[in-house]
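So the chains spell out like this:
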Amino acid sequence: MSTEEKSAAPRSLAEALRVRDDVSLAALLRSRPDLVTPVPTDLTQLATRAGTRASVVRALERLDRFALQTAQALAVAADPAPYAELLGLMAGDEGDPAVTAALPRAVALLREQALVWGADDRLRLVRTARELLAPSPQHPSPTGLGPTVREATAGMSPGRIQEILAAVGLASTHDSVSAVSALGELFADRTRTAALLAALPGESREVLDRLVWGPPYGQVTHDPAPHLRALLDRGLLLPTAPGTVVLPREVALHLRAGRAHRTPEPVPPPVEAAATHRPQVVDATAAGQALAALATVEELLKEWDEGGPTVLRAGGLSVRDLKRTAVALDVPEPVAAFWVELAYAAGLVASDGEADERYAATPAYDEWRELPPAERWARLAESWLTATRTSGLVGGRDAKDRTLSALGPNLDRSAAPEVRHRVLALLAGLPEGAAPDAESVLARLRWERPLRGPQREQREQREQREDDLRSRLARWTLSEAELLGVTGRGALAAPGRALIGAPEPAHPAAQPEPEGPGDKLPVHHHRTPPAPAPATPAERAAATAAAARLLAPLFPEPLDHVLLQADLTAVAPGPLERELADVLGVLADVESKGGATVYRFTPGSVRRALDAGRTAADLHAFLARHSRTPVPQPLAYLIDDVARRHGRLRVGAASAYVRCDDDATLDEILADKRAAGLGLRRLAPTVLAAQTDPAALLEGLRAMGFAPAAESAAGDVLIARADARRTPPRAAPEPVPDGPPVPDDTLLTAAIRAIRAGDLASTAPRRPGHADGADGGPAAGGELPRTSAAETLATVQAAVLTGEALWIGYVNAEGAASQRVIAPIRVEGGFVTAYDHTADEVRTYPLHRITGVAELADDAP
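Predicted model only: the values in this text are computed from it and were never measured. (Residues numbered from 1 in each chain as written. Predicted model: local features only at pLDDT ≥ 70, side-chain atom pairs only at ≥ 80, totals over all residues. Heavy atoms only, no water.)

Draft legend 1. Structural context of the sheet that holds strand β12 (residues 563-565). If you walk across this open sheet you meet the four strands as β12-β13-β15-β14, and the pairing is antiparallel. Looking along the sheet, the strands with just one partner apiece sit at the ends: β12 and β14 (589-592). Between one strand axis and the next, the sheet turns by 30° as a mean value, whatever way the strands run. (Pairing = 2+ DSSP bridges. Helix = DSSP H or I, 4+ residues; strand = E, 2+ residues; numbered from the N terminus. Axes fitted to C-alpha atoms, helices over the stretch in contact; angles between N-to-C directions.)

This is the structure we're talking about:
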């Protein structure tokens, strides 16, 4: 390297950042958004923040496996390390072509994320990353390498070092430093080290083979066996503590043929297709699942229309209520938890906030029901994709060994949206109609976010749990996407592809495709990656609208009729129109679901329709209008019989009372043993008083086989609407972010402009003079210039005449101090108007807020 090149080489991360262009800085801030919160004042502060432990750990956790392996190799290389040394550590002595081809990308990624800086001949890992990744007794390296000879012999007696030199055939030296250097050079020489190892007994080689891939530490007694003594005498094992020895890094690298890692992974594992189906079959299956999802959510909210389960004191549903919900939906409990959490994430259900707090539908549910079916599904799918609440955790235990309940606290996992989107993006990368092998998806995710290290034991345990969580999140995503209709038969459907913003797949010439789970297909592993997740609200809204447009043609037209049968059932051969479904849901009970829904008419269901304000004539007309078959006689008799008895009894508040024009009916009630708990007594021939409340009295009389109607204080029959109970307006729960949000382009542009401006002010050369420090030397870097008011005014007025730029210190009205480079235009009325180079605009500053001024050097930019 020439003298000019050496002088131009960056000497720090701040200088390396200073030579980057705006595109490169934007890429850094986009990949590490914590660096821009808040916006750094200049590039020096940006570099300092990029080197903090928390920020470096976060950046390392987002590296793929090969980029992380590259950083780990740099941590055991020289500092700085030439690219050739790094290549040798990654590709080995023989040179792995795949590693050689992938390494430039990994180094570029580390540079982009400001984890590595410097030219290829002087690559430097940032100090904090080296401390985290370099091997030590407390933090073993993920490479399995131990300390170097120099590090392992620190503190060893000079006499012992000379004895090792003599044992390996090296000449003695006058000092320990040269002795250690000679020993390290010997072990780094492949030919000489091979000859040294060849002279060892077989048992000694076996010991080295056990330590070569780590951990490099072993235990020895105070009187080692001969084969161990041979290794200790030659420095092939070096003592680090009483009874503990270590394999030096140079020796391990020789035994590994130069590799820092046993198995470098330069190429991500492919996502294999387990089966393939025709795209039309996939879309049709997904559409059927989407319809079932809408019906399930509506059925869930219908169950809670009159007030759902009570809220536990700690929040959430009780185990018993979840079981009841699962029975009502006819699904397993984990699936019921998924639907409950999905409705909650979509803002369709919430707690009512009353003293006896219960869950109920929100006003947003009524608005949601009025949307077209495809838009209702898209709203659910978007809520699922972006929610951080994770229903798969329900039934598990939290950190305090408390059971995690549905709708309860501690179910948010900030990684959930990213994992869901990534899993769907991997599915989008497969050929159209291909269903993935689940294990290959998990393997790919582990490559993209591997286990990190080295960290303290507690951190390793936490990250092991996090890695396990990511795998579970991926498995839950595959099953939940199928339940929701994002996928069909395991393959990503067209609406699901649009939901994540993935491009439309190319449609190659028609060719026969295998159909079935056992037919594995060749997959193109180097496809163009799918589009990133929609970031802005506008992009998300556009993706959701596109998904709804693609799904709408796949839904069947809603039916306006049912088939009434003589066994008091009605068969709906498909989805029903909204009005028909609402009325039929009140008039009858759902008996079975599937391709066709079967409703059963019972005395209780007919009474429910009469309670909702319908008359017998209304019900007869409704059934005749919407049935393709004649109304069966048993059903007509059922309606007339229940209607004839409906409302003959009236219940009001005394605590409660019962009145009836037929005193014989009241005699029958008083004589019934089941009425003993109601506390009834006769007030008049047609009136009974009760000691219980009206609601309990209504339920008690209905349990006895009567059909009472509730009555208002004015004596009118109260009509109870099935959808009367709603919570006050409630917003959907906000996702818990996984760190600072990724800045948008507008924020990045403004941030880079502010950082550049602050850097210009802090690095502009100043002339020595009246802005110097108190001792006559230049003001310390980063300190504001200090001049008297008279000197400030004179300097600014002179700059107006000469057109020169000045460096000023300025304190705003909030007391925040900053440095600026300005070109004064005019001075009047105690204000200076100047072109502010740091803000790239003309501004006016009060002179009394300028702490001082200094002239820029002649070579200042």
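There is more to say, and it comes next.
Draft legend 2. A look at the pairing of strand β22 (residues 817-828). With six bridges connecting them, strand β21 (residues 806-811) and β22 associate as antiparallel partners. Within β22, the residue paired with Gly809 across the bridge is Gln819. The loop that links β21 with its antiparallel partner β22 comprises five residues; one of these, Gly815, has a positive phi angle of about 90°. Judged from the six bridges that link them, β22 and strand β23 (residues 831-836) form a sheet pairing that is antiparallel. Along β23, the bridge assignment pairs Ile822 with Asp836. Taking the residues between adjacent antiparallel strands as the criterion, β22 and β23 are bridged by two residues, where Gly829 takes a positive phi near 60°.

Draft legend 3. Representation of the packing of aromatic side chains. Per the stated rule, a full pass over the model turns up four aromatic pairs. Geometrically, the ring pair formed by Tyr810 and Tyr845 is edge-to-face, given 4.8 Å between the ring centres and 65° between the ring planes. Taken together, the positions of Tyr810 in strand β21 and Tyr845 in strand β24 (residues 841-846) put the pair 35 residues apart, joining distant regions of the chain. Judged by relative accessible area, Tyr810 falls into the buried class, the value being 11%. For Tyr845, a relative accessible area of 3% gives the class buried. Directly above the ring of Trp368 sits Arg376, whose terminal nitrogen or CZ lies 5.5 Å from the centroid. (Phe/Tyr/Trp six-rings, centres within 6.5 Å; stacked < 30°, edge-to-face > 60°. Buried < 20%, exposed > 50% of the residue type's maximum accessible area, 1.4 Å probe, protein only. Lys NZ or Arg CZ within 6 Å of the ring centre and 35° of its normal.)

Draft legend 4. A look at the environment of Asp759. Here Asp759 is to be found in helix α33 (residues 745-763). Counting along the chain gives 741 residues from Asp759 to Arg18, while the straight-line C-alpha distance between them is 8.6 Å.

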